[in-house]
Amino acid sequence: MTEETRAPARRTADARSTFATALADEPGVHDPAIVAALARVPRHQLMPRLFAPLGQDRPARHWRLLDLADEPEQHHAVCYGMDQVVVQLDGRPTGRLAVGREYTGIPSGQSSGAGLLAVTLQDLRLVPGDRFLELGACTGYLSAAAADLTGRQATGVELDRELARDAAQRLAALGANVRIVARDGLRGVPDGDWDAIAASFAVRHIPASWLQRLTPGGRLRTTITTGAPGWHATALLHRDEHGELSGRLTAERWGHVPDRAAGWIPLPQPPTDSGRSRSAVLAPPTPAERGFWVAIAHSLPGVRRHWGAPGFDDEVVLVAEDGSRAAIAPDGSRAVEWGPRSLWQEAEHLHARWTGAGRPAEYRLEFHHAGLRAVGGPGLNWQLPLA
């Protein structure tokens, strides 16, 4: 092998080594076996075409299409970074798009951030022989790492038929022990009992069919969304040897994006009047107080934060589906509200309940005849109906 032919292989090896080092340093990642399993999967071969985000806005809306064969260094920088890797926009097949061009669109196929994937596998506590199922498999990267850890075939379910076909072909070429099934995971899972189920997209309600296929001793992990971006909550469920289900809902730094049917709560039009101004009682809690923001997402229906709302500088801006809005000064000295709901007043009342319950960042999940209840403490709970 000449120096010229060795260079690409060395570049790839360096990128994967750097990836493993960076992944081990990600917050919450602590299992070296999982880091090693994710690093062993040649991620670049599962996503030879990907979209690099352009500009500083996040979430990004402008992208450049990269091809591994044409721009390997730029491709590796995205593929082996810590952020999510987008492989499809607006459901359009990438094989028909021109490489190197800029595109505008919303991601419809992505491999989640590496830290989130590592924490997912940690939470599921995979052991050799476990039957692993991934819902929303996309490229099959997480499933390939799970197959490595369990020593048996993993199954990935992917709604988009093109993504499913490409993933199946590329995984087979790598010799990965992964079966890809093209179907809608929200409408049911493949036959069989599963020891570990990972949903790689966020849901508003956990489908009962997922729980029915969970074997005694089985674990299920999914992001729960209300359509409020940035307020992530992870549901981790367990079925004991007697068949009883229990779990917890944890406010997280990371979370998967919603399934295509759910989407985000839309941003209403900016107000045209000066609003109702008053002295605020509560200074906005920091983003690190995730338990409070998750409580807002679930207890105040249809509410989200408008990150970087134009014209409001550093103020915290909440918006609701009915057009209500609240802008709160960072020090809590003033709140301005618009629309039929007094959003910040509702948030202040909820904060008092959250504080009285002990300021939880984790909520107990209880199953009963009406579905699922998240319990944070006295006076702080809400329903999570099963789909």
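Quick caveat: nothing in here was measured; it's all calculated off a predicted structure.

Colleague: Quick rundown of the overall build of the chain? Include the residues and the values.
Modeller: Helix and strand counts for the chain come out as 10 helices and 20 strands. Relative to the globule expectation of 21 Å for 387 residues, the C-alpha radius of gyration of the chain, 22 Å, shows essentially globular dimensions. For the C-alpha atoms alone, the extent of the chain along its principal axes is close to 75 × 55 × 35 Å. For the chain, buried positions account for 51% of its 387 residues. The contacts of the chain with a sequence gap of at least 6 include a subset with a gap of at least 24, amounting to 59%. In the form shown here, the chain has an accessible surface area of approximately 17,400 Å², with 50% of it arising from carbon and sulfur atoms.

Colleague: Run through the packing of aromatic side chains, naming residues and quoting values.
Modeller: Taken as a whole and assessed by the stated rule, the structure comprises eight aromatic pairs. Where Phe 201 meets Trp 210, the ring centres are 6.1 Å apart and the plane angle is 75 degrees; that geometry is what we call edge-to-face. In this pair, the class of Phe 201 matches that of Trp 210, namely buried. For the ring pair Tyr 363 and Trp 382, a centre distance of 4.8 Å and an interplane angle of 55 degrees mean the geometry is tilted. Pair noted here: Tyr 363 is in strand β18 (residues 362-368) and Trp 382 is in strand β20 (residues 380-384), with a separation of 19 residues, a long-range link. Following the ring pairs from residue to residue traces out a cluster consisting of Trp 231, Phe 292, Trp 293 and Trp 354.

Colleague: Go over unusual backbone geometry, please, and point to the residues and values.
Modeller: Notably, Asp 90 is not glycine yet its phi reads approximately 50 degrees, a positive angle. Structurally, Asp 90 can be placed in the loop between β3 (85-89) and β4 (102-104). We note that Asp 313 has phi near 50 degrees; this positive angle belongs to a residue other than glycine. If you trace the backbone, Asp 313 turns up in the loop between β14 (303-305) and β15 (316-320). Taking the relative accessible area as the measure of exposure, Asp 313 reaches 73% and is therefore exposed.

Colleague: Account for the side chain of His 44, naming residues and giving values.
Modeller: Along the chain, the position of His 44 falls in helix α3 (residues 43-46). For His 44, the contacting residues outside a window of four places in its chain are Thr 12, Arg 16, Leu 68, His 75, His 76, Cys 79 and Tyr 80.

Colleague: Explain the sheet that holds strand β8 (residues 178-182) residue by residue, including any values.
Modeller: Spatially, 10 strands are ordered β8-β7-β6-β9-β10-β11-β12-β18-β19-β20 in an open sheet, and the strand pairing comes out mixed. Only two strands of the sheet have a single partner each, and these edge strands are β8 and β20. Each strand axis lies, on average, 20 degrees off the axis of its neighbour in the sheet, ignoring direction. Pairing of strand β7 (residues 154-158) with β8 involves five bridges; the strand directions are parallel. Counterpart to Gly 156 in the pairing with β8 is Ile 180. Across the sheet, helix α6 (residues 141-150) lies against β6 (132-135), β7, β8 and β9 (194-203), angled at about 170 degrees from β6, the strand it touches most.

Colleague: Hey, could you go over the pairing of strand β2 (residues 62-67) for me, with residue numbers and the actual values?
Modeller: As judged from the five bridges shared by strand β1 (residues 49-53) and β2, these two strands associate in the antiparallel manner. Counterpart to Phe 51 in the pairing with β2 is Leu 65. As paired elements, β2 and β4 share three bridges and run antiparallel to each other. Within the sheet, the bridge partner assigned to His 62 lies in β4 and is Thr 104.

Calculation notes
Residues numbered from 1 in each chain as written. Predicted model: local features only at pLDDT ≥ 70, side-chain atom pairs only at ≥ 80, totals over all residues. Heavy atoms only, no water. Helix = DSSP H or I, 4+ residues; strand = E, 2+ residues; numbered from the N terminus. Rg over C-alpha atoms; globule rule 2.2 N^0.38 Å. Buried < 20%, exposed > 50% of the residue type's maximum accessible area, 1.4 Å probe, protein only. Contact = heavy atoms within 4.5 Å. Areas by Shrake-Rupley, 256 points an atom, 1.4 Å probe, with all protein chains shown as cover. Phe/Tyr/Trp six-rings, centres within 6.5 Å; stacked < 30°, edge-to-face > 60°. Pairing = 2+ DSSP bridges. Axes fitted to C-alpha atoms, helices over the stretch in contact; angles between N-to-C directions.

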